[in-house]
Amino acid sequence: MENFEFINAMVLLANFVIVPALSYGSQLALATLSLTIIYGVLRFSNFAQADWMSFGTMATILFTWLFQSAGINAGILPTALLALPFAIIVTALFCLLIDRSVYSFYRKQKSQPIVLMIVSVGVMFILQAVVRFIIGPNDRKFFDGEKYIVHALDFKNYFGLEEGLTIKSTQLITVIVALVAMISLFYFLQKTKLGKSMRAYSNNEDLALLSGINPEKIVIVTWIISSILITTAGVLYGLDKSFKPFTYFNLLLPMFAAAIVGGIGSPIGAVIGGYVIAFSEITLTYAYKKFFVYLLPESLEPSGLMQVLSTDYKFAISFIILVIVLIVRPTGIVRGKII
Amino acid sequence: MTKFLSCTNMTGGYGGEDIIHSCDIEVDRNQIVVIVGPNGAGKSTAMKAMLGMISLKEGSLILDGSDISKLTPQDRVAAGIAFVPQTMNIFSELTVEENLEMGAFLREDNVKETIEEIYNLFPAMKDKRNQLAGELSGGQRQQVAVSRALMTRPKVLMLDEPTAGVSPIVMKEIFERIKTIKNSGVAIVIVEQNAKQALNIADFGYVLVGGENKFSGEGQALLNNQEVRKSFLGG
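Residues numbered from 1 in each chain as written. Chains lettered and ligands numbered in written order. Predicted model: local features only at pLDDT ≥ 70, side-chain atom pairs only at ≥ 80, totals over all residues.

A. Up close: helix α2 (residues 49-69) of chain A. All names here are of chain A. For α2, which comprises 21 residues, the first-to-last C-alpha distance of 30 Å matches the rise-based estimate of 30 Å (1.5 Å per residue) to within 8%. Of all 21 residues in α2, 15 are buried, a share of seventy percent or more. Backbone geometry just after α2 places G71 at a positive phi near 80°. (Helix = DSSP H or I, 4+ residues; strand = E, 2+ residues; numbered from the N terminus. Expected span 1.5 Å × (residues − 1). Buried ≥ 20, exposed ≤ 12 C-beta atoms within 10 Å, placed from the backbone.)

B. Up close: the packing of helix α7 (residues 193-203) of chain A against helix α9 (residues 215-240) of chain A. Residues and elements named next belong to chain A. At a minimum axis distance of 10 Å, the contact between α7 and α9 shows a crossing angle of 105°. Classified by the angle their axes make, α7 and α9 are roughly perpendicular. Each of L194, S197, M198 and Y201 in α7 lies in contact with α9, whose residues at this interface are P215, I218, V221 and T222. Residue composition of the contact of α7 with α9, by class: 6 nonpolar, 2 polar and no charged. (Axes fitted to C-alpha atoms, helices over the stretch in contact; angles between N-to-C directions. Parallel < 35°, antiparallel > 145°, perpendicular 65-115°, else oblique. Contact = placed C-beta atoms within 7 Å. Nonpolar A, V, L, I, M, F, W, Y, C, P; charged D, E, K, R; others polar.)

C. Inspection of the pairing of strand β3 (residues 31-36) of chain B at higher detail. Residues and elements named next belong to chain B. Burial of β3 is extensive: 5 of the 6 residues sit out of reach of the surface. As paired strands, β3 and strand β8 (residues 187-191) are joined by 5 bridges and run parallel to one another. Directly across from Q31, in β8, lies its bridge partner A187. (Pairing = 2+ DSSP bridges.)

D. Spatial organisation of helix α4 (residues 113-134) of chain A. All names here are of chain A. Across its 22 residues, α4 extends 31 Å between first and last C-alpha, which sits within 8% of the 32 Å expected from 1.5 Å per residue. Here α4 has its buried residues at V119, S120, V123, L127, Q128 and V131. Buried residues along α4 sit in contact with α2, α3 (80-108) and α10 (245-249). Taken from the residues just after α4, G136 is the one with a positive phi, measuring 90°.

Structure, rendered in structure tokens:
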């Protein structure tokens with residue numbers, strides 16, 4: 001039965017490490033893309049990003065409730081996916097309102113990036129208050145529709161294994177939506193005139209002005225794209241787990257870690273960074289005891305949990321990676337700008 | 001008779017003391033005008049004034065009969081003035097072809113033809129079209145910079161030290177290309193450190209000293225002028 005032991009170990013790993021890390025990585029990648037695009041084009045580290053994620057998700061939940069009360073649903077898919085486009089519009093409009101009333105003032109003054117960063121901390125507090133005021137600080141689940149694609153019990157019975165593999169529908173939706181969003185974004189940046197002008201503006205602002213590129217238009221498009229990405233990321237995360245403003249705020253550190261690991265300002269780097277952080281977090285906090293029990297002969301079986309770090313230290317991993325990258329390779333994996 | 005672009009009596013600076021004083025620069029189509037002078041003479045400042053990148057206290061700027069002195073730099077680009085800065089003059093993270101497309105950003109018509117024309121002018125660009133502009137050699141980057149500016153099909157092309165930091169062979173090539181561009185009907189203004197070579201291809205030259213017009217005349221005449229030679233052409 002040596003062979004089955006190995007398969008059981010692999011299924012265990014897939015169920016508790018690979019599948020969750022893939023979906024968490026996709027959510028993080030989208031959120032990081034949003035952060036990195038703001039950094040690349042508007043040239044500041046947006047600390048309000050995690051709370052934009054809360055705001056966008058909150059808007060989605062409100063629309064979801066509205067649809068549910070009107071009896072509209074998406075069948076086996078979560079109603080939130082129907083609400084998402086509307087929530088994106090609301091989030092983008094609110095983003096632009098904040099930009100007009102706050103950021104544009106500092107842009108006209110040609111303020112240093114550090115000033116804009118501090119301003120974004122102010123915006124962060126405002127957003128936190130707005131979100132708590134409207135929907136409250138509690139944990140909310142807004143998932144409906146079909147919950148599982150592959151259920152552990154069915155999997156076990158079907159293959160006759162001891163371990164089961166669960167794939168939640170939200171996990172599959174996450175990976176598909178993230179993939180579509182990433183491909184569309186890269187197509188937009190690489191192939192369309194507007195996307196190219198965004199890259200040009202990010203690369204050399206003065207020359208972009210000399211070429212007749214309108215900076216105000218670039219700023220508006222940047223906020224809209226950023227809203228699309230961050231709202232989508234927030235909704236996918238919320239469907240997969242749950243929505244709680246404080247949990248969302250805590251995602252700020254992994255987001256920045258991912259952006260810097262990948263190379264800040266680089267969209268490809270953001271995607272790589274998102275998955276690197278997600279896989280590190282989950283592989284380092286998973287207890288491998290059962291995994292080794294399957295693989296090793298009885299005499300060598302571990303007695304401890306075989307866990308590198310307790311899950312309580314999840315955020316420490318992002319932080320450690322962040323520090324190591326800043327010391328060893330400050331430009332990140334894909335050569336980005338040095339902050 | 002007024003020239004195609006006529007900038008007269010320009011006085012101003014960066015906000016503090018005036019850098020240029022009653023400076024005149026005029027250029028016609030099919031003409032190369034070179035501005036030379038010692039370091040700190042206000043050559044680049046004069047060019048920036050013509051582009052609207054600094055605000056002037058006095059002076060009139062007339063392009064093809066219309067006043068452009070109130071226009072922003074972007075509007076002057078739309079009016080037909082193209083500018084190649086001395087540094088940071090390419091989109092280094094974009095490919096050569098994307099640099100050209102960005103140069104034509106304001107144009108709504110098909111730019112493929114203009115891109116082909118530019119590839120004929122700079123054949124090296126065609127081979128490197130999909131390479132990042134930042135990965136090219138100094139001379140090739142300069143070609144990308146000039147090409148980007150040409151994409152608007154400008155009436156006036158302004159170049160700020162196009163041969164700074166390139167080898168003499170590349171310098172010669174760049175000047176040859178500028179002559180070709182001139183023959184297509186463009187008015188060209190060049191600020192140059194390499195005064196001798198630049199005056200050689202110039203139809204008209206201005207010598208600025210201390211922000212004022214010191215000498216002006218046809219390129220060859222300036223080269224032969226004893227006083228100009230002595231003061232800064234090195235004998």
